[in-house]
Amino acid sequence: MVSLCCCAHHFSLCLPFSGFFKGTSADQDRRFSDKELKLLKSMKFPPEFDKKVSSLSSVDMRKVNLTVIRPWIAKKVVELVGFEDEVVVEYAMGLLEDKQEPTPDPKKMQINLTGFLTKDTPAFMTALWKLLLEAQSDMTGVPRTFVEEKKEELRRAR
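- The protein goes by PWI domain-containing protein in an unreviewed UniProt entry, where it is assigned to Lentinula aciculospora.

In structure tokens, the structure reads:
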């Protein structure tokens, strides 16, 4: 009897090929576990992230005017980091502009931005998410807060 050994040679002294591999799979080995899933379970998030709007658990970015959100993100990043960081702004905008996922997950966004904004990430995401919720519910896609701020600015200019 000739059988295949583990190194694919024909030796009759080798054990017959058993048809399966022994050991652990990547799912069973904790070194290869989903780190993002662990963080999602272990971190605390603001209640706004769970707010239901029009039967969705997150914001539909197709209803949001991102051209007014971008300057706010850039200004907020400068406030938090201390300098203009175009990489962080573009990364945050990329998370919001994803065409395959028009309803971003705020919890995953917070995890992804933590490497850049560190301890200030929860405050940033809470403020951003409130603006996105406002923008989504407005017909123009502009947060009501921005409209009120602009009105106040125009009143002061007179």
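## Things to note about the packing of helix H2 (residues 66-81) against helix H3 (residues 86-96)
In step 1: At a minimum axis separation of 10 Å, H2 and H3 run at an interaxial angle of 140°. In the crossing of H2 with H3, the sense of the turn from one axis to the other is right-handed. The segment H2 lies against H3, with Leu-66, Arg-70, Ile-73, Ala-74 and Val-77 engaging Glu-86, Val-88, Val-89, Glu-90, Ala-92, Met-93 and Leu-96.
In step 2: Classifying every residue of the contact of H2 with H3 gives nine nonpolar, no polar and three charged.

## Focus on helix H4 (residues 106-117)
In step 1: Of the positions making up H4, those classed as buried are Pro-106, Met-109, Gln-110, Ile-111, Leu-113 and Leu-117.
In step 2: Sitting at the amino-terminal end of H4 is Asp-105, which places a side-chain oxygen 2.9 Å from the backbone nitrogen of Lys-107.
In step 3: Following H4 by one or two positions, Thr-118 adopts a phi angle in the positive range, close to 45°.

## Comments concerning the environment of Leu-128
In step 1: Mapped onto the elements of the fold, Leu-128 is located in helix H5 (residues 121-137).
In step 2: A C-alpha to C-alpha distance of 9.4 Å links Leu-128 and Pro-106, two positions 22 residues apart in sequence.
In step 3: What Leu-128 contacts, discounting residues up to four positions off in sequence, is Ile-69, Trp-72, Ile-73, Leu-96 and Met-109.

So, how was this worked out
Counting restarts for each chain: residues are numbered from 1 in the order of the written sequence. Local features in a predicted model are, by the rule used here, given only for residues with pLDDT of at least 70; side-chain atom pairs are given and counted only at 80 or more, and totals for whole chains, interfaces and linings are based on all residues. Based on all heavy atoms of the structure, the side-chain values leave hydrogens and waters out of the count. Lines fitted to C-alpha atoms define the axes here, with helix axes fitted over just the stretch in contact, and angles between the N-to-C directions of these axes take values from 0 to 180 degrees. The numbering of helices and of strands both runs from the N terminus, where a helix is a DSSP run of H or I of at least 4 residues and a strand a run of E of at least 2. We call a crossing left-handed when the near helix sits turned anticlockwise from the far one by less than a right angle, and right-handed when that turn is clockwise. Contacts between residues were defined by any pair of non-hydrogen atoms, one from each residue, lying within 4.5 Å. Only Asp, Glu, Lys and Arg are considered charged in this grouping, and only Ala, Val, Leu, Ile, Met, Phe, Trp, Tyr, Cys and Pro are considered nonpolar; every other residue, Gly among them, is considered polar. Classification of residues uses two cut-offs on accessible area relative to the type maximum, computed with a 1.4 Å probe and protein chains only: under 20% is buried, over 50% is exposed, and between them is partly exposed. Polar contact criterion, stated in full: a pair of N or O atoms within 3.5 Å, where within protein one must be able to donate a hydrogen and the other to accept it, and residues adjacent in sequence count only if both atoms are side-chain atoms.

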